[in-house]
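# Coordinate inspection notes
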Amino acid sequence: MEFRLDEEQESIRRTVRRIMTEKVAPRAQAIDEREEFPWDVKELFAQNGIFALAVPAEYGGIDGRLTTYCAAMEEVARVCGSSSMILGNQSLGSIPIIVAGNEDQKRKYLPKIAEGDILPAFALTEPNAGSDIGSMQTRAVPDGDGYVITGTKTFITNAPVADLFTVFAKVPTETGDRISAFLVERGMPGLSTGKVEKKMGLRGSPTGEVVLDGVRVGAEMLLGKVGDGFRIAMKSLDKGRIGTAFQAIGLAQGALEAAVEYACTRVQFGVPIIEHQGIQFMIADMETKVQTARWLGYYAAWKYDCKDPDVSKYSAMAKLWATDIVMDVTRDAVQVFGGYGYTREYPVERMMRDAKIFAIFEGTNQIQRVVIARALAKAAR
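Residues numbered from 1 in each chain as written. Predicted model: local features only at pLDDT ≥ 70, side-chain atom pairs only at ≥ 80, totals over all residues. Heavy atoms only, no water.

With that settled, consider the overall build of the protein chain. Helix and strand content of the protein chain: eleven helices and ten strands. By the compact-globule yardstick of 21 Å for 381 residues, the protein chain fits well, its C-alpha radius of gyration being 21 Å. Expressed as lengths along the three principal axes of its C-alpha atoms, the size of the protein chain is roughly 80 × 50 × 40 Å. The burial tally for the protein chain puts 54% of its 381 residues in the buried class. A separation of at least 24 residues holds for 74% of the contacts in the protein chain among residues at least 6 apart in sequence. As displayed, the protein chain offers around 16,500 Å² of accessible surface, 52% of which is attributable to carbon and sulfur atoms. (Helix = DSSP H or I, 4+ residues; strand = E, 2+ residues; numbered from the N terminus. Rg over C-alpha atoms; globule rule 2.2 N^0.38 Å. Buried < 20%, exposed > 50% of the residue type's maximum accessible area, 1.4 Å probe, protein only. Contact = heavy atoms within 4.5 Å. Areas by Shrake-Rupley, 256 points an atom, 1.4 Å probe, with all protein chains shown as cover.)

Okay, the pattern of salt bridges next. Where charged atoms from two side chains of opposite charge approach closely, those side chains can pair. Using the criterion set out here, one finds 31 salt bridges in the structure. With its nearest N and O atoms 3.8 Å apart, the salt bridge here joins Arg 18 to Glu 22. Taken together, the residues Arg 18 and Glu 22, both in helix α1 (residues 7–24) and four residues apart, mark about one turn of the helix. Via salt bridges that share partners, Glu 10, Arg 13, Arg 14, Arg 17, Glu 75, Arg 78 and Glu 257 belong to a single interconnected network. (Salt bridge = Lys/Arg side-chain N within 4 Å of Asp/Glu carboxyl O.)

It is worth spelling out the pairing of strand β1 (residues 120–123) at this point. Side chains on a regular strand alternate between the two faces of the sheet. Side chains of β1 alternate between two faces, with Pro 120 and Phe 122 and Ala 121 and Ala 123 buried alike. Summarising the sheet, β1 and strand β4 (residues 164–173) pair through four bridges and their orientation is parallel. Following the sheet pairing, Pro 120 is matched in β4 by Leu 164. (Pairing = 2+ DSSP bridges.)

Summarising the element assignment, Thr 125 is placed in the loop between β1 and β2 (139–143). Residues Thr 125 and Phe 155, 30 residues apart in the sequence, show an inter-C-alpha distance of 6.7 Å. With residues near it in sequence (within four places) discarded, Thr 125 still touches Gly 130, Lys 153, Thr 154, Phe 155 and Ile 156.

Glancing now at the side chain of Thr 244. One can find Thr 244 in helix α7 (residues 229–265). Exposure remark for Thr 244: the relative accessible area of 1% places this residue in the buried category.

As a further point, take the nonpolar core. With 72 residues, the main nonpolar core has Met 20, Phe 45, Tyr 69, Cys 70, Leu 87, Ile 242 and Val 329 as its most contacted residues. Considering every element that reaches this core, the biggest residue donor is α7, with 13 residues. With 49 residues, the next largest nonpolar core counts Phe 122, Ala 129, Val 171 and Val 210 among its residues. (Core = buried A, V, L, I, M, F, W, Y, C linked by side-chain atoms within 4.5 Å.)

Within this structure, the stated rule accounts for 13 aromatic pairs. An angle of 70° between the planes, with centres 4.6 Å apart, marks the rings of Phe 37 and Trp 39 as edge-to-face. Ring centres of Tyr 299 and Tyr 314 lie 5.2 Å apart, and the angle between their planes is 85°; on these two criteria the pair is classed as edge-to-face. With a gap of 15 residues between them, Tyr 299 in helix α8 (residues 277–305) and Tyr 314 in helix α9 (residues 311–337) connect regions that are remote in the sequence. Among the residues examined, Tyr 314 registers a relative accessible area of 15% and is labelled buried. Connected via pairs of aromatic rings, a cluster forms that spans Tyr 262, Phe 337, Tyr 340 and Tyr 346. One residue, Lys 303, lies across the ring of Tyr 314, its end atom 4.6 Å from the ring centre. (Phe/Tyr/Trp six-rings, centres within 6.5 Å; stacked < 30°, edge-to-face > 60°. Lys NZ or Arg CZ within 6 Å of the ring centre and 35° of its normal.)

Here we come to the packing of α1 against helix α3 (residues 39–47). Where α1 contacts α3, the axes come no closer than 12 Å and their chain directions differ by 150°. Between α1 and α3, the angle is such that the two are roughly antiparallel. Crossing of α1 over α3 shows right-handed handedness. Residue-level contacts link Ile 19, Met 20, Lys 23 and Val 24 of α1 to Val 41, Leu 44 and Phe 45 of α3. (Axes fitted to C-alpha atoms, helices over the stretch in contact; angles between N-to-C directions. Parallel < 35°, antiparallel > 145°, perpendicular 65-115°, else oblique. Left-handed = near helix turned anticlockwise from the far one by under 90°.)

In this model, α7 (37 residues) spans 53 Å end to end at C-alpha, consistent with the 54 Å of a helix rising 1.5 Å per residue. Most pronounced at Asp 238, the bend in α7 amounts to some 25°. Extensive coverage of α7 is indicated by the burial of 28 of its 37 residues. (Expected span 1.5 Å × (residues − 1). Bend = angle between axes of the 7 residues up to and from the residue.)

One can describe the packing of α9 onto helix α11 (residues 365–380) by two numbers: an axis separation of 9 Å at closest approach and a directional angle of 145°. For the element pair α9 and α11, the recorded crossing hand is left-handed. Along its contact with α9, which presents Ser 312, Lys 313, Ala 316, Met 317, Lys 319, Leu 320, Thr 323 and Asp 324, the element α11 presents Asn 365, Gln 368, Arg 369, Val 371, Ile 372, Ala 375 and Leu 376. Across the contact of α9 with α11, the residue classes tally to seven nonpolar, four polar and four charged. (Nonpolar A, V, L, I, M, F, W, Y, C, P; charged D, E, K, R; others polar.)

Looking now at the pairing of strand β5 (residues 176–185). Taken together, the ten bridges between β4 and β5 define a ladder with antiparallel strand orientation. Counted as the bridge partner of Ala 169 is Ser 180 from β5. Two strands pair when backbone bridges link them, and β5 and strand β8 (residues 222–223) are joined in this way by two bridges, in the antiparallel orientation. Each residue of the ladder has a partner; that of Ala 181, found in β8, is Leu 223.

What follows is about α8. An ideal rise of 1.5 Å per residue puts 42 Å on 29 residues; α8 measures up with 42 Å between its terminal C-alpha atoms. On its buried face, α8 is in contact with α4 (66–79), α7 and α9. Of the residues one or two after α8, Lys 307 is the one with positive phi, at around 60°.

Written out as structure tokens, the structure reads:
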């Protein structure tokens, strides 16, 4: 294993960096302030094949390696956290189909996800079932040759704009309720969007409720088999958490670059503040945290690409470390800017607000620690 991107991956990374710097960076502040989904960024990603990085090549994707997707994700998040959610959700929303879909489901949906014609959503969390997935109350009752789904999902990224939802629900069986996964399309009778959250950060990424009031789906919309839902969710999160780590890494990298640039130009006591030891120590720690998070993230992504059996532990570690350090780095970036860092004149206050959520969604960092500790205990027995 080499800790470097190959020529093709570097080319993709550079292309994404150029697009983000030229096209999205000038829009990032407005996206945050308007609190609206940036349809122009979505179209930009579609036109430049960026969504295709989330899908296997045989279904219209590009490259197919998680390491490549992560390199691109870092460049997106470095500029705009809200825009990173568009790409991140395109990946997370497609993973259940990739890992559990049959050939008909894959060929129907994945090429459209790769082209950006479909925006998918991952509908797992409920008002009383976050970390405790087993407490979900959404039910899918067998009805003839299909199922009728009733329940409410909350904190669902892209809820008001998504075209396709992977909905997790309990199916009653002779042996008890079994968590299962279903594909539900926008426009199906009974599906609606409820409350849209007003958030501290990632304001250009809509988060809201998905209400399922007797939504009837055919048996062909079941992913895998009845009872496969928990496994599908966990496999999806194993991959999704690595992508989340690189959202945090990109955001931290963007904050670090802004802090260094400012420290080199801001003069106090007759010299640029980068010459003061207090600032040097902060920036050195920021760089060290970003680099360690990046390489742990790439190691986890490499393990995923290699189908390594302990990928769950490394996925949890990558997500845990990156999403903890991004809060440190963005906070210190604001400190480097001083009073200016607390204003909207500079991007670091937005970056600090965006940073917090990454330690909460796709499994809180407390849950990541449970995953890591259980993996170690299992290996020791």
